[in-house]
Amino acid sequence: MTEAREEDRRLSPAEAIVDAAFRLFAENGYDETSVGDIATAAGVSRSSFFRLFGSKEMVIFPDHDAILAAVEERLAASTEKSAILAVSDAVRVVLFHYIAEGPLARRRYELTSTVLALRERELISGARYQQLFRQYISAWGDGSEESERRAELMAAAVVAAHNHVLRRWLRGECEDPHVEIDEAMAQVNALFAPASGPRAVVVVRTDQDLEAVAERLRSM
């Protein structure tokens with residue numbers, strides 16, 4: 001028996017199915033690969049495949065229900081005063097789950113980038129995270145229209161920050177995702193954190209010297 005086959009034997013049935021599926025998707029294409037093909041390549045029965053995954057599509061994506069539960073647990077443990085910190089921590093729960101997958105996450109990214117149906121499934125999963133963030137950010141507000149709008153915008157910004165860092169890492173453009181997610185979330189927090197002092201709107205004519213105006217403001 002070859003060394004590669006000995007390595008395959010150390011995989012659990014679920015791991016063997018995932019490994020076989022991604023290998024066949026790369027070789028033959030997603031649509032051209034059947035559940036029977038995957039089960040045969042993984043050395044398991046079709047019934048074992050469906051008991052573990054339920055569908056071909058489910059082989060590709062991580063257990064979003066488990067991740068969502070972990071995110072919700074972190075958010076539920078927070079208060080209004082620690083809301084921004086809780087959201088930042090929850091984003092890291094999602095991001096570092098993907099990073100922990102290593103090469104598998106990159107193989108999934110390559111696949112979902114080329115198969116429209118899988119890309120749409122991924123977008124739906126992202127919407128679930130955004131809805132959960134919005135739900136908790138909204139609960140920390142006062143129920144006003146302004147507060148609800150802020151919750152919607154902040155939830156979208158949080159998901160966008162996560163996706164930006166994750167995609168950079170998936171493409172091999174991010175050296176340290178820990179640093180980049182910290183920086184991205186700091187930007188989100190700066191956008192939505194309450195102002196530390198009073199604000200003023202200054203209106204100037206187009207023919208005024210802006211440097212002179214700025215100097216006068218600094219001297220006030």
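Counting restarts for each chain, with residues numbered from 1 along the sequence as it is written. Note on the predicted model: pLDDT of at least 70 is required for a residue's local features to be given, and 80 or more for side-chain atom pairs to be given and counted; whole-chain, interface and lining totals, by contrast, use all residues. Side-chain figures throughout are based on the complete set of non-hydrogen atoms in the structure, without hydrogens or water.

An unreviewed UniProt entry lists the protein under the name TetR family transcriptional regulator, with Nocardioides humi as the source organism.

Caption draft 1: View of the UniProt feature "DNA-binding region" (unreviewed entry) in the protein. According to UniProt, the feature "DNA-binding region" (unreviewed entry) maps to residues 34-53 in the numbering used here. For residues 34-53, the helix share is 75%, the strand share is 0%, and the end-to-end C-alpha distance is 14 Å. UniProt positions are given in the numbering used here, feature names are shortened, and annotations may be inferred rather than shown by experiment. Note on conventions: DSSP H or I runs of at least 4 residues are helices, E runs of at least 2 residues are strands, and numbering of each starts at the N terminus.

Caption draft 2: Up close: the packing of aromatic side chains. For Phe, Tyr and Trp, rings pair up if their centres lie within 6.5 Å, where Trp contributes its six-membered ring, and each pair is then called stacked (planes under 30 degrees apart), edge-to-face (over 60) or tilted (otherwise). All chains considered together, the criterion is met by 5 aromatic pairs. An angle of 45° between the planes, with centres 6.1 Å apart, marks the rings of F49 and F53 as tilted. You'll find F49 and F53 in the same group, each marked buried. A centroid spacing of 6.3 Å and a plane angle of 55° characterise the contact between Y136 and W140, whose relative ring orientation is tilted. Note on classification: 1.4 Å probe, protein chains only; a residue is buried when its accessible area is under 20% of the maximum for its type, exposed when over 50%, partly exposed between these limits. The exposure class of Y136 is buried, given its relative accessible area of 16%. With a relative accessible area of 14%, W140 lands in the buried category. Among the aromatic residues, ring-to-ring pairing joins F22, F25 and Y30 into one connected group. Seen from the ring of Y30, K56 lies directly overhead, with NZ or CZ sitting 4.2 Å from the centre. Here the guanidinium or amino end of R106 rests over the ring plane of W169, the centre of that ring lying 4.1 Å away. Whether a charge sits over a ring comes down to the Lys NZ or Arg CZ being within 6 Å of the ring centre and within 35 degrees of the ring normal.

Caption draft 3: The pattern of salt bridges, seen in detail. Counted as salt bridges are all cases of a side-chain nitrogen of Lys or Arg within 4 Å of a carboxyl oxygen of Asp or Glu. Summed over all chains, the structure comprises 12 salt bridges. A salt bridge links R134 to E148; the shortest N-O distance between them is 3.2 Å. Of this pair, R134 sits in helix α9 (residues 116-139) while E148 sits in helix α10 (residues 145-170), and the two are 14 residues apart along the sequence. Owing to a relative accessible area of 24%, R134 belongs among the partly exposed residues under this scheme. Assessed through its relative accessible area of 21%, E148 is described here as partly exposed. Between R134 and E152 there is a salt bridge, with the nearest N and O atoms lying 2.5 Å from each other. Of this pair, R134 sits in helix α9 while E152 sits in helix α10, and the two are 18 residues apart along the sequence.

Caption draft 4: Representation of the packing of helix α7 (residues 83-101) against α9 within the structure. Where α7 contacts α9, the axes come no closer than 12 Å and their chain directions differ by 165°. In terms of orientation, α7 lies roughly antiparallel with respect to α9. Handedness of the α7/α9 crossing: right-handed. Two secondary-structure elements touch here, α7 through V87, A90, V91 and V94 and α9 through Y129, F133 and I137. In this analysis, axes come from line fits to C-alpha atoms, helices being fitted only over the stretch in contact, and the angle between any two N-to-C directions falls in the range 0 to 180 degrees. Orientation is classified from the angle alone, with under 35 degrees giving roughly parallel, over 145 giving roughly antiparallel, 65 to 115 giving roughly perpendicular, and any other angle giving oblique. Note on convention: the crossing is left-handed when the near helix lies turned anticlockwise from the far helix by less than a right angle, right-handed when the turn is clockwise. Note on contacts: a residue pair qualifies if any of its non-hydrogen atoms lie within 4.5 Å across the two residues.

Caption draft 5: Seen up close, the packing of α9 against α10. Across the interface, α9 lies against α10 with an axial gap of 8 Å and an inter-helix angle of 135°. Judged by the inter-axis angle, α9 sits oblique to α10. In this structure, α9 crosses over α10, and the sense of that crossing is right-handed. Between α9 and α10, the residues in contact are R119, G126, Y129, Q130, F133, R134, I137 and S138 and E148, A151, E152, M154, A155, A156, V158, V159 and R167, respectively. For the contact of α9 with α10, a count of residues per class yields 9 nonpolar, 3 polar and 5 charged. Polar here means any residue other than Ala, Val, Leu, Ile, Met, Phe, Trp, Tyr, Cys and Pro, which are nonpolar, and Asp, Glu, Lys and Arg, which are charged; Gly is therefore polar.

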